[in-house]
Amino acid sequence: MRFLFIHPNCPAQFRHLAAFLGKRKGCQVIFATVNPRPEWSIHGVKKALYQPKKFGEKNGFLRPLLDEAAHGQAVLSLCLE
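All chains use their own residue numbering, which begins from 1 and follows the written sequence. Totals for whole chains, interfaces and linings use all residues, but because this is a predicted model, local features are given only for residues with pLDDT of at least 70 and pairs of side-chain atoms are given and counted only at 80 or more. Values reported for side chains reflect all heavy atoms of the structure, with hydrogen atoms and water molecules removed beforehand.

Colleague: I'd love a proper account of the layout of surface pockets, names of residues and values included.
Modeller: For each structure, a 1 Å grid was placed over the protein atoms alone; sets of points admitting a 1.4 Å probe that cannot get out are labelled cavities, open sets with protein on both sides within 12 Å along at least five of seven lines are labelled pockets, and lining residues have an atom within 4 Å of a point. Grid points are joined across faces, edges and corners, and a volume is the space filled by probe spheres set on the points. Taken as a whole, the largest pocket encloses approximately 190 Å³ of empty space. Surrounding the largest pocket, Arg2, Phe3, Leu4, Gln28, Ile30, Ala32, Lys46, Ala48, Leu78, Cys79 and Glu81 form its lining. Comment: elements are numbered from the N terminus, with helices defined as DSSP H or I runs of at least four residues and strands as E runs of at least two. Those elements that provide at least two residues to the lining of the largest pocket are strand 1 (2-6), strand 2 (28-33), strand 3 (45-49) and helix 2 (63-80). Gly is put with the polar residues, along with every residue not named as nonpolar or charged; the nonpolar set is Ala, Val, Leu, Ile, Met, Phe, Trp, Tyr, Cys and Pro, and the charged set is Asp, Glu, Lys and Arg. Class assignment of the residues belonging to the lining of the largest pocket gives a composition of seven nonpolar, one polar and three charged.

Here it is in structure tokens:
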């Protein structure tokens, strides 16, 4: 079975669940994140980095929406690879 965790600050609250699934036979666990820190390592869990595009500072009230859309687009591109 395949599991994909998506969180910009991995492993966050999913550390224990990802570790549990990573130890199970037949499970493939991937964690998609923007966090490049090498100090975290979970046995059986592969880290996949994505980088969302920046839309600039002058978006006003649309900024949060555009930031989240950029994360979604980056994760989609990662998954299609």
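Structure shown, so let's carry the discussion forward.
Colleague: So what's going on with the pairing of strand 2? Which residues, and what values?
Modeller: Bridging between strand 1 and strand 2 involves five bridges; their strand directions are parallel. Along strand 2, the bridge assignment pairs Leu4 with Ile30. Handedness rule for crossovers: strands pointing away from the viewer, path from the first strand over the helix to the second running clockwise, crossover right-handed. Crossover strand 1 to strand 2 through helix 1 (residues 15-23) is right-handed. Note on pairing: DSSP must find at least two bridges between two strands before they are called paired. One ladder, built from five bridges, connects strand 2 with strand 3; its direction is parallel. Pairing of Val29 across the sheet is with Val45, part of strand 3.

Colleague: Residue-level account of unusual backbone geometry, with values.
Modeller: For the peptide bond that leads from Cys10 to Pro11, omega is -10 degrees, which places it in the cis range. When you line up the elements, Pro11 lands in the loop between strand 1 and helix 1.

Colleague: Before we move on, can you summarise the side chain of His7 with the specific residues and values?
Modeller: Here His7 shows up in the loop between strand 1 and helix 1. A 3.5 Å cut-off defines polar contacts: any pair of N or O atoms within that distance qualifies, except that in protein one atom must be a possible hydrogen donor and the other a possible acceptor, and neighbouring residues in sequence count only when both atoms are side-chain atoms. From its side chain, His7 meets the backbone nitrogen of Asn9 in a polar contact 3.0 Å long.

Colleague: Any chance you could break down the pattern of salt bridges for me, citing the residues and the numbers?
Modeller: In what follows, salt bridge is the name for a side-chain nitrogen of Lys or Arg lying within 4 Å of a carboxyl oxygen of Asp or Glu. This structure, assessed with the given rule, holds one salt bridge. Arg63 is the salt-bridge partner of Asp67, the closest N and O atoms lying 3.2 Å from each other. Of this pair, Asp67 and Arg63 both sit in helix 2, four residues apart, roughly one helical turn. Here the term buried applies to any residue with accessible area under 20% of the maximum for its type, exposed to any over 50%, and partly exposed to those in between, with areas from a 1.4 Å probe on protein chains only. For Arg63, a relative accessible area of 25% gives the class partly exposed.

Colleague: If you had to explain a nonpolar patch on the surface to someone new, which residues and values would you point to?
Modeller: Surface patches are defined over residues having more than 30% relative accessible area and no salt bridge, joining like charges when they lie within 9 Å and nonpolar side chains (Val, Leu, Ile, Met, Phe, Trp, Tyr) when within 5 Å. Here the accessible surface of atoms and residues is derived via Shrake-Rupley with a 1.4 Å probe, and residues count as covered only by protein chains that are part of the display. A surface patch of nonpolar side chains, amounting to about 370 Å² of accessible area, comprises Phe61, Leu62 and Leu65. Relative to the elements of secondary structure, Phe61 occurs in the loop between strand 3 and helix 2.

Colleague: So what's going on with the packing of aromatic side chains? Which residues, and what values?
Modeller: A pair of aromatic rings is counted whenever rings of Phe, Tyr or Trp (Trp by its six-membered ring) have centres within 6.5 Å, and the orientation is called stacked for planes under 30 degrees apart, edge-to-face for over 60 and tilted otherwise. What the rule picks out here adds up to three aromatic pairs. With 5.5 Å between their ring centres and 45 degrees between their planes, Phe5 and Phe14 make a pair best called tilted. An aromatic cluster of at least three residues, connected via ring pairs, comprises Phe5, Phe14 and Phe31.

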